[in-house]
Structure formats: structure tokens, C-alpha cells
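# Examining the three-dimensional arrangement
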Amino acid sequence: MILLIILLIPFLTGLSLLFFRKAGTARTVALISTVVNLLLTLSLLNADQSVTYSAEWINYLGIQFSLGYDGISTIMLLLTNLLFPFIVMAGFGRDQKNVPMLNCLILCAQSALIGVFLAQNAFLFYVFWELALIPVYFILLVWGGDDRKAITLKFFIYTLAGSLFLLFGIIYLYQLTPGTHTTDFSAFSQLQIPAGTQNWLFWILFIAFAIKMPIFPFHTWQPPTYKMASTQGVMILAGVMTKMGIYGALRFLFPVVPLGVLYWQNLVIIMSLTGVIYASVIAYKHTNLKTMIAYSSMAHISLMAAALFVLNSYAYQGLIFQVLSHGVTIAALFYVACLVKEQTGTTEMPQLGGLKINAPNMAILFLIILLGSIALPLTAGFVGEFLMITGLFQQSIWFALFGGLTMILGAIYMLYAYQRVMLGDKKLAFAKATDLGALDYWILIPLIVVILGLGIYPQPIFDILKPVAEVFSGLAH
């Protein structure tokens, strides 16, 4: 029952916000809702055994409303419910239109994302997968920046196209299940699908998840969307929604089409590592801070996609660990980028510089987050990328070398961006820029504590992941 409560709290709270008129009250209620959900999620980590919830739903199709979780789901659920309090707080004190509706959409997005990570059958997974798109679409369309209509339409078309691939794959697998048919993940994983069928079915499913991550060459919706999105919108997209693709690949590809995974393994790894180099080069050359962070995110996601197909326990544990680390770090980076925009009116780096003079504390916290992003030792990013590159090394030394370029190239373009934004002489145009406010500390300090805490003592996350990593790596044999 606790899983159903965690799913419904943000949804019901979000609907109730439509009856509020005062922006401050709506924000406070939304924040309380997200904090309660975070506390309930943390209580699951201390439970002696996992819990499930199941109820009859569509008996005609043999589909139940089943919720459950394992190590991977736990990390995804933790990431979602950890970030949303900060996403809601990011709206406090800011001039926004229709605050109750905005926070309603934010909480509905949270509920749908929770549903994706707790669903125990493919039909329910698909329902929540689609539902997550709707509130984010309106957050981008109504509260986004310049060119939001055209960019949001492109984002919608891309993700909808991916969803159609996923729907076709689910219907095909449903027809293969014996007896009265079912969409349970456990039934899908027991199917004996011929190797030739797995080879084409792999791409039907993989394209849906590759668009959502996104990885090269399915990424073109991402940079303009991240640049245009509001602070809260980009924190949802980059922090949590992109992880849906990785989670979906883990749930569908490896248990259902393992022969297809082995057949296309090296091609997907090469494609992903190509994305690492491509995104890193573009990130270095780009002059907009938010777009640069978007491409850096794509480089890290591409490395995760490569690790996804290595099929050993090092890569799996590093991958899931990095999902948590990247979600927290990228949300903090985009929050700082939005602070820079508020203080200066621009995120174009040639026009920036010298901000550390007026905002020294912002410069310090930005540097710490940035060091986490480039995987400095004793940060969470280092733990995840070290394990993923170790996993790639076991597959091929060349894969490890190209994967390792993420850390080197990331350090180059991130530090170069920091130099252009924060260092240099004071610019008269930014003479009125101020340092962080109290709210900014309440958002950035806890996120930094997570980045450093997981880097210094990552063992609790490994304890959660160890059984699942062994199961997934065993699929390769």
C-alpha cells in the first residue's frame, strides 16, 4: 500500500492545487507533498523486505495494476523524490504566471515518473511513460523561453515517435505470451524468442529508449529544449526524465531480447562512444552556457549508454550509480545557469565574465558542482565513471580509452566555461549583480552534500545495487 501512497500523494496534491489562489500557499503545499514523499521513499530503504501492490485492472486483457521495486527501481525512485523538493523550491520567490497550475503540472510529472519506475508490467509502464510527457509538454510550452512553441513541438514529435516504437514492441510481445496473454515483465522475460526476431525487435525497443536518453544520433531535440526550458522544466528533464530511457532499456532489452543485445552490443557501444566525442567537441565550441551544459549531459549519458551494453557488474553498478550522481549534478548545474541568467540577463558566455567579484559564493558553489560533473575524486561522478570505464576496459581497452575521454574533455570544456563566466575583470553591465540568496543556499548546499557524500562513502548505494548487478551481468552468459 505504501507504493500506492507514494504514487498518489503528488498526483492528488497536484489536483488540489488547482483550488488555491495564492501563489505562496500553492508552492508551500507542493513542497510539503514532495518532502513527505521523500521521507516515505527513505523509509523503503530501511524496510526488511521489499513491498508490492497489486489490484485487478483490465481482466479482459490480463492486465493488473501492479507496483513493485528492486535495486534499480529503488535508485530511480530515490532520485525522483530527492530532486522534486528542490525543483519545487526553485520556483519560490520568482515571478511566475499561474503558480498553482505550474506546481500542479510539476507534481503530476512526479507522479507519472514514479509510476514508470514502479510499474511491474509493460502496459502500466507505457501508460505512465506517456502520462509523464503531458505535464512536461505544457511546462515547456507555457513557461518556456524564446521559440518555445516550435521547440516544444519538436520535443513532442520526437518523444511521441519513440513511444510508437515502444507500443509496437509491447503489443508484439503481448501476442507472444502463452495462454490468455499478459504484459507482465516476468512473462516477457520467459519468452523463447528466435534469435532472428530478437535482432530486429531489439531496434524497435532500443530506438524508443535512445530518443528519451537521448544519445547520438537521436539527440537533436535535446539542446534547444534544455536551453529554452524554464529552471524547473530543465531540472525535471535533465535530472529525471532522461533516466527513463536507461531504465526502460534495463527493463525491456536485457531480459526480453538478450540475443539481440549480444548481436548489436559492439555497434551500440561504438555509437555511444561516438556520441561522447561528438557531444564533448560541441560542448567546447558552444558559446551558450545552458547549451554547453546540455551537450555535456549528452556526453555523460552517452558514456552511460556504452556501459549499459558492456554486460559486467562493474559497468552496471557504475551505470546505476552514475544515474543518481548525474541526476543530482545536472540539476544543480542548470540551477546555477539559471541564476546566472537572472543576474546578468544572458547565458551567452562571450558577454559574461567577472561574476565572482559580485557573487563570490556563487562562484565557489558553481566550482564545486562543476568539479563533481568532471568526476573529480571524492565526488559522486568519479565513483560512477571509474566503475563504468573499468567495465569498458574489461570489454576492450579501446572502449575504455574513448570512454575515458569523457573525463578529460569534460574537464576542458567545463573549466573553460567557468573561466569565461566567473573569472576575468568586472564588467560594468553586471555591476548590480548580487550573490546567492537564502533560497539558493537551501537548494544548492543539500545537492552539493549529496554529490560529495556519495563520492566519499558510496557503499550504501552499492549494497542496494549488488544483487541486481549480478543478475544483469549474468544475462551475458
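Not measured: the values here are computed from a predicted model.

For the protein, the helix and strand inventory stands at 20 helices and two strands. Over its C-alpha trace the protein gives a radius of gyration of 21 Å, about what one expects of a compact globule, namely 23 Å for 477 residues. Its C-alpha atoms put the protein at 75 × 55 × 45 Å along the principal axes. When the 477 residues of the protein are sorted by exposure, 60% land in the buried category. Element-wise, carbon and sulfur atoms account for 67% of the exposed surface of the protein, whose accessible area totals about 18,000 Å². Charged side chains of the protein number 21 positive and 16 negative; the gap between the two group centres comes to 12 Å.

This brings us to the environment of Ile 445. Within the element layout of this structure, Ile 445 appears in helix 19 (residues 438–456). Remark: the alpha-carbon pair of Ile 445 and Ala 400, spanning 45 residues in sequence, is separated by 33 Å.

For the rest of this paragraph, the subject is unusual backbone geometry. At the junction of Met 213 and Pro 214, the peptide bond is cis and its omega measures out at -10° in the coordinates. Mapped onto the secondary structure, Pro 214 falls in the loop between helix 8 (195–212) and helix 9 (222–228). Here the bond from Phe 216 into Pro 217 is cis, since omega is 5°, no more than 30 degrees from zero. The residue Pro 217 is located in the loop between helix 8 and helix 9 in this model. Of note in the backbone geometry, Ala 375 takes a positive phi value of approximately 65° without being a glycine. Non-glycine residue Leu 378 carries a positive phi angle of around 75°. Looking at the secondary structure, you find Leu 378 in the loop between helix 16 (360–373) and helix 17 (380–395). Judged by its relative accessible area of 54%, Leu 378 falls in the exposed class.

A few words now on the pairing of strand 1 (residues 53–58). Judged from the five bridges that link them, strand 1 and strand 2 (residues 63–67) form a sheet pairing that is antiparallel. Along strand 2, the bridge assignment pairs Tyr 53 with Leu 67.

For helix 3 (residues 71–89), spanning 19 residues, the distance from its first C-alpha to its last is 28 Å, which sits close to the expected 27 Å at 1.5 Å a residue. Counting buried positions along helix 3 yields 19 of 19 residues, so the element is predominantly enclosed.

Before going further, it helps to spend a moment on the packing of helix 12 (residues 258–285) against helix 13 (residues 289–308). Closest axis-to-axis distance for the helix 12/helix 13 pair is 8 Å, and the angle between their directions is 160°. On the basis of the axis angle, helix 12 is roughly antiparallel to helix 13. Two packed elements cross with a definite hand, and for helix 12 against helix 13 that hand is left-handed. Contacts between helix 12 and helix 13 pair Ile 269, Ser 272, Leu 273, Gly 275, Val 276, Tyr 278, Ala 279, Ser 280, Ile 282 and Ala 283 from the former with Met 292, Tyr 295, Ser 296, Met 298, Ala 299, Ser 302, Leu 303, Ala 305 and Ala 306 from the latter. Looking at side-chain class alone, the contact of helix 12 with helix 13 contains 14 nonpolar, five polar and no charged residues.

Bringing the packing of aromatic side chains into the picture now. Inspection of the entire model under this criterion finds 32 aromatic pairs. Ring centres 5.7 Å apart and planes at 40° place the aromatic pair Phe 209 and Phe 252 in the tilted group. One end of the pair, Phe 209, is in helix 8; the other, Phe 252, is in helix 11 (residues 243–256), with 43 residues separating them in the sequence. Ring-pair connections join several aromatic residues into one group, and the members of that group are Phe 202, Trp 203, Phe 206, Phe 254, Tyr 263, Trp 264, Phe 309 and Tyr 316. The positively charged end of Lys 212 is found above the aromatic ring belonging to Trp 129, 4.8 Å away from the centroid.

A separate point is the layout of surface pockets. When its volume is computed, the largest pocket comes out at roughly 720 Å³. Forming the walls of the largest pocket are 27 residues, and the residues nearest its centre are Gly 145, Met 228, Ala 229, Ser 230 and Lys 341. Grouping the constituent residues of the lining of the largest pocket by class yields seven nonpolar, 10 polar and 10 charged.

The next thing to look at is a nonpolar patch on the surface. On the surface, Leu 8, Phe 11, Leu 12, Leu 15, Leu 18 and Phe 19 cluster together into a nonpolar patch covering about 550 Å² of accessible area. Within the element layout of this structure, Leu 15 appears in helix 1 (residues 2–16).

Helix 17 packs onto helix 13 with a crossing angle of 45° between their chain directions and a minimal axis gap of 9 Å. Compared by their axis directions, helix 13 and helix 17 come out oblique. The chirality of how helix 13 crosses helix 17 is left-handed. Taking contact as the criterion, the partners of His 300, Leu 303, Met 304, Ala 306 and Ala 307 in helix 13 are, on helix 17, Glu 385, Met 388 and Leu 392. Taken together, the residues that form the contact of helix 13 with helix 17 break down as six nonpolar, one polar and one charged.

Here the focus is the side chain of Ser 230. Among the structural elements, Ser 230 can be located in the loop between helix 9 and helix 10 (231–241). Here Ser 230 falls in the buried class, since its relative accessible area comes to 19%. If sequence neighbours within four positions are ignored, Ser 230 has contacts with Ile 139, Trp 143 and Gly 144.

A separate point is the pairing of strand 2. Counting buried positions over the five residues of strand 2 gives four, a clear majority of the element. In this antiparallel pair of consecutive strands, strand 1 and strand 2, the connection spans four residues, and Gly 62 shows a positive phi of 70°.

All right, on to the UniProt feature "domain: NADH:quinone oxidoreductase/Mrp antiporter transmembrane" (unreviewed entry) in the protein then. This chain's UniProt record puts "domain: NADH:quinone oxidoreductase/Mrp antiporter transmembrane" (unreviewed entry) on residues 119–404. The straight-line gap between the two end C-alpha atoms of residues 119–404 is 34 Å; of that span, 80% is helix and 0% is strand.

Conventions used here
- Residues numbered from 1 in each chain as written.
- Predicted model: local features only at pLDDT ≥ 70, side-chain atom pairs only at ≥ 80, totals over all residues.
- Heavy atoms only, no water.
- Helix = DSSP H or I, 4+ residues; strand = E, 2+ residues; numbered from the N terminus.
- Rg over C-alpha atoms; globule rule 2.2 N^0.38 Å.
- Buried < 20%, exposed > 50% of the residue type's maximum accessible area, 1.4 Å probe, protein only.
- Areas by Shrake-Rupley, 256 points an atom, 1.4 Å probe, with all protein chains shown as cover.
- Lys, Arg positive; Asp, Glu negative; His and termini not counted.
- Charge placed at Lys NZ, Arg CZ, Asp CG, Glu CD.
- Pairing = 2+ DSSP bridges.
- Expected span 1.5 Å × (residues − 1).
- Axes fitted to C-alpha atoms, helices over the stretch in contact; angles between N-to-C directions.
- Parallel < 35°, antiparallel > 145°, perpendicular 65-115°, else oblique.
- Left-handed = near helix turned anticlockwise from the far one by under 90°.
- Contact = heavy atoms within 4.5 Å.
- Nonpolar A, V, L, I, M, F, W, Y, C, P; charged D, E, K, R; others polar.
- Phe/Tyr/Trp six-rings, centres within 6.5 Å; stacked < 30°, edge-to-face > 60°.
- Lys NZ or Arg CZ within 6 Å of the ring centre and 35° of its normal.
- 1 Å grid on protein atoms, 1.4 Å probe; cavity = no way out; pocket = protein on both sides within 12 Å on 5 of 7 lines; lining within 4 Å.
- Points joined across faces, edges and corners; volume = space filled by probe spheres on them.
- Patch = residues over 30% accessible without salt bridge, like charges linked within 9 Å, V, L, I, M, F, W, Y side chains within 5 Å.
- Salt bridge = Lys/Arg side-chain N within 4 Å of Asp/Glu carboxyl O.
- UniProt positions renumbered as here; feature names shortened; annotations may be inferred.

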